[in-house]
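Structure at a glance
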Amino acid sequence: MANERLRALEDVEKEIAMVLQYAGNIVLELSKDKHNASSLDRHLAQFQSSINRVENELGSQIRYLTQVATGQPHEGSTYSARKDCQMALNRAEYAKVKLGELGRTCEVMLEQPGQQGPQG
């Protein structure tokens, strides 16, 4: 799955190069004293088609990354599980620190001479 995503991004990169080439062709045609309307229309259609392909694929990639980042289930990623595990470890470490502090507080209170608890 990851390789497919990378290949798709490589294809987008190639398509962007084509967009630049088509834009260059359009500018070249417009720079002529007498430009060919059919050639200009053809270059413009190619340009627009390529832009649409780039936009669609990048939109798809962004939707996928949004899905991954929000922890929704998706194919082939362990990000959500790793994030959950790390958060659990952080909570366990925090609990350990707080229990240690509580234990030290209890020891200090028990070691103080002359203090008595509530009498009944």
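This one's a predicted model, so the numbers in the text were calculated from it and none came from an experiment.

1. Structural notes on the pattern of salt bridges
Applying the stated criterion across every chain yields a total of 3 salt bridges. In this structure, the salt-bridge partner of E29 is K32, at a minimum N-O distance of 3.3 Å. Residue K98 pairs with E101 through a salt bridge whose shortest N-O separation is 3.4 Å. Remark: E101 and K98 occur in helix 3 (residues 79-111); sequence separation between them is 3 residues, near one turn of the helix. The class of K98 is partly exposed, set by a relative accessible area of 38%. Taking relative accessible area as the criterion, E101 reaches 34% and is therefore assigned partly exposed.

Definitions and limits used
One numbering rule holds for all chains: residues counted from 1, following each sequence as written. Per-residue local features are limited, in this predicted model, to residues with pLDDT of at least 70; the limit for side-chain atom pairs, both in listing and counting, is 80 or more; totals at the level of whole chains, interfaces and linings are taken over all residues. For side-chain calculations, the full set of non-hydrogen atoms in the structure is used, while hydrogens and water are omitted. Salt bridges are defined by distance alone: a side-chain nitrogen of Lys or Arg within 4 Å of a carboxyl oxygen of Asp or Glu. Each helix is a run of DSSP H or I of at least 4 residues and each strand a run of E of at least 2, with the numbering of both proceeding from the N terminus. The classification of residues rests on relative accessible area computed with a 1.4 Å probe and restricted to protein chains. Under 20% of the type maximum is buried, over 50% is exposed, and intermediate values are partly exposed.

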